[in-house]
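These are the residues of each chain, in order.
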Amino acid sequence: MDPMALVTQYNLLQNGPPEESKLATYMKRQNNASPQSSLYSTLSKNYSNLDINQSSVSMKKASIPTVDFVPRNLVSSLNNPDGPSMYAKDKSQPIQAYQKNVNGTTYFYPPDTNGSNQPNGNIFDDPSGYLPMPSVESPTSSLYAQDDLRRDLLHRNALSMASPDSDRWPDLPETIEDYHDVYPLDIYGHSSKILSYSTSTYRATYSKTGEKCCLKRIHGFRLTITKYAPLIEAWKKINHANIVQLKDVFITKAFNDTSLMFIFNYHPDSESLQTRHFNSNETMNGYNDPFSSDPNAPRPYSHTKNAILRHQHSNGLLSENTLWNYAIQLSSALRVIHGSGLALRGLCLNRVLVTGHVNNRARLRINCVAITDILINDMASSNMIGHFQQEDLTDFGKLLLALACRSLIAVHQDNLATSIDLMARSYSSDIRNIIRYLLSTQRRHITELMPMIGARFYTQLDAAQNHSDNLENELSKEMENGRLFRLLVKLGSINERPEFNLDPAWSETGDRYMLKLFRDYLFHQVTEDGRPWLDMSHIVQTLNKLDSGSSDTICLYSRDEKTILVVSYQELKHCLEQSYCEIASVAASDDHIKAE
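All figures in this text were calculated on a predicted structure; none of them were measured in a lab.

1. A few points about the packing of helix H9 (residues 320-339) against helix H11 (residues 385-405)
Between H9 and H11, whose axes approach to 11 Å, the crossing angle comes to 170°. As judged from the angle between their axes, H9 and H11 are roughly antiparallel. Every residue of H11 that contacts H9 at Leu-323, Tyr-326, Ala-327, Leu-330, Ser-331, Leu-334 and His-338 is listed here: Gln-389, Asp-392, Leu-393, Phe-396, Leu-399, Leu-400, Leu-403 and Ala-404. In terms of residue class, the contact of H9 with H11 is built from 11 nonpolar, three polar and one charged.

2. Quick look at the environment of Leu-172
Its location among the elements puts Leu-172 in the loop between helix H5 (147-161) and strand S4 (175-176). For Leu-172, a relative accessible area of 19% gives the class buried. A C-alpha to C-alpha distance of 7.6 Å links Leu-172 and Phe-255, two positions 83 residues apart in sequence. When residues no more than four places from it in sequence are discounted, the contact partners of Leu-172 are Pro-164, Val-182, Pro-184 and Tyr-202.

3. Side note on the UniProt feature "coiled-coil region" (unreviewed entry) in the protein
Feature annotation in UniProt assigns "coiled-coil region" (unreviewed entry) to the following positions: residues 455-493. The span residues 455-493 carries 97% helix and 0% strand; its end-to-end C-alpha distance comes to 57 Å.

4. Structural notes on the packing of H11 against helix H12 (residues 416-424)
With their axes 10 Å apart at the nearest point, H11 and H12 run at an angle of 55° to one another. Relative to H12, the element H11 is oriented oblique. At the point where H11 passes H12, the crossing takes the left-handed sense. Contact residues: Leu-401, Ala-404 and Cys-405 in H11; Leu-416, Ser-419, Ile-420 and Met-423 in H12. The class makeup of the residues in the contact of H11 with H12 is six nonpolar, one polar and no charged.

5. Some remarks on the layout of surface pockets
Put simply, the second largest pocket is a space of about 1,200 Å³. Only H5, H9, strand S13 (363-366), helix H14 (449-453) and helix H15 (456-494) provide two or more residues apiece to the lining of the second largest pocket. Tallying contributions element by element places H15 first for the lining of the second largest pocket, with 11 residues. Considering only residue class, the lining of the second largest pocket consists of 19 nonpolar, 17 polar and 10 charged.

Parameters at a glance
Residues numbered from 1 in each chain as written. Predicted model: local features only at pLDDT ≥ 70, side-chain atom pairs only at ≥ 80, totals over all residues. Heavy atoms only, no water. Axes fitted to C-alpha atoms, helices over the stretch in contact; angles between N-to-C directions. Helix = DSSP H or I, 4+ residues; strand = E, 2+ residues; numbered from the N terminus. Parallel < 35°, antiparallel > 145°, perpendicular 65-115°, else oblique. Contact = heavy atoms within 4.5 Å. Nonpolar A, V, L, I, M, F, W, Y, C, P; charged D, E, K, R; others polar. Buried < 20%, exposed > 50% of the residue type's maximum accessible area, 1.4 Å probe, protein only. UniProt positions renumbered as here; feature names shortened; annotations may be inferred. Left-handed = near helix turned anticlockwise from the far one by under 90°. 1 Å grid on protein atoms, 1.4 Å probe; cavity = no way out; pocket = protein on both sides within 12 Å on 5 of 7 lines; lining within 4 Å. Points joined across faces, edges and corners; volume = space filled by probe spheres on them.

Here is the structure:
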């Protein structure tokens with residue numbers, strides 16, 4: 001016997017199962033009333049009969065001669081003469097169960113309620129996922145997109161297609177230049193503030209392409225934007241996954257005033273970082289809000305350690321993976337902006353949109369680019385790009401610190417040292433170092449963050465690629481469904497057509513009659529006792545053979561069983577295409593319409 005196996009066996013006999021093992025968890029739940037000495041003596045007896053020389057992790061079907069070390073709920077069901085007999089039909093027969101050995105510890109899984117020997121995840125309900133049970137998918141799960149993905153896409157599509165209420169917004173224009181179907185996006189119809197300007201947000205459809213766009217309106221803008229044309233063109237050229245792309249900027253009088261319109265890509269079902277991670281009643285006091293128009297806003301007290309701790313407790317800490325995910329995405333966007341000779345000029349929680357409900361899959365997009373450059377109307381800004389880029393990095397550090405502390409007052413200048421110390425209690429030194437670097441007064445560059453991120457970049461890259469693979473897999477399902485749907489449309493257009501070309505029996509003769517029998521073969525089969533036979537795999541497989549024109553033959557019966565046809569899928573496909581083309585040619589014929 002392997003010496004290491006002897007050591008493991010001796011430790012198990014002397015000290016019992018490891019505290020973190022599933023067997024220990026199970027025995028604690030089931031044997032709270034049993035004496036400790038009895039538990040260990042039972043374990044000693046049980047482990048003396050186990051073969052510890054098995055592989056470290058193995059799964060095999062085991063014939064258990066005794067029930068001494070089978071889980072207690074399995075034993076009780078066997079010893080109960082009136083209990084269910086799903087584990088063994090006869091007491092004299094050995095019990096069939098699944099056995100898994102992990103590092104010298106053996107686990108037994110009874111059969112499920114259907115009598116099949118499959119591991120049951122309810123026996124050892126371990127939230128740690130140390131021994132995850134295989135997930136059971138429905139037979140049709142490979143045919144349809146995931147329910148949560150379908151639900152999200154349908155919800156986004158509903159938001160994109162929503163129509164405005166004319167009674168609620170009577171002054172809403174029908175069109176704004178080349179954009180129609182205007183729909184307000186501001187919550188409760190209230191406008192917001194950017195610097196000293198009132199703003200409104202709308203969703204509209206671009207007439208030339210049919211694309212949904214987001215329109216940001218600046219009320220009462222009386223300046224010209226001609227001098228900003230090079231700057232606007234530079235922002236329009238930036239197309240990045242973590243930036244809401246600027247499409248166009250123009251001045252309009254559609255609202256009966258002179259309004260400045262910024263056109264961005266539209267991303268439905270998005271929210272800001274502040275909305276997602278902070279309480280709605282928590283103010284922006286202390287946070288460097290670049291759009292704040294009130295210079296006399298009250299400032300928090302310098303001694304806010306307890307307040308920050310209360311915010312952390314009430315909001316809950318973000319996981320470190322989530323913080324790194326956000327840091328990587330935002331740093332990638334800033335790298336592109338700074339590399340293009342531009343500056344964001346005010347990175348805050350309200351300017352970052354989040355799309356997606358799972359933090360590891362959440363997509364961040366920096367919103368409202370180019371607005372600050374035009375509204376501030378600073379002609380000397382072109383000579384201060386380096387200074388503005390340094391401010392972007394400082395704002396980036398404050399944003400990460402606010403997320404780590406889950407408090408908006410944590411980034412006030414008087415609270416930075418305290419906030420960093422509190423953050424270091426819950427996160428690694430790498431997070432603390434990157435925030436300290438961003439908040440330092442030295443000359444910084446966005447590319448210097450890459451060595452600090454290190455291998456975590458590959459983790460996020462792997463997650464993004466896995467998510468992309470998953471989406472492609474879901475898309476392939478819908479692509480196949482669309483192909484089969486087109487076949488069903490053709491069949492439905494031919495079968496049971498009451499009249500065609502003045503012939504009421506057109507669908508019951510010739511090739512159409514063969515397709516009618518095929519429809520019954522596809523959908524209307526019954527079992528021997530007359531019950532409907534529903535088999536999705538039969539339908540999918542048959543339609544696939546029809547679409548490919550397979551040479552396989554099938555036997556078609558009429559409902560009175562007086563007509564029997566043996567045809568190939570290739571012949572059926574020819575009949576289908578020929579009959580449908582006949583209908584389509586008549587439907588598109590102008591002469592036929594005039595004759596009627």
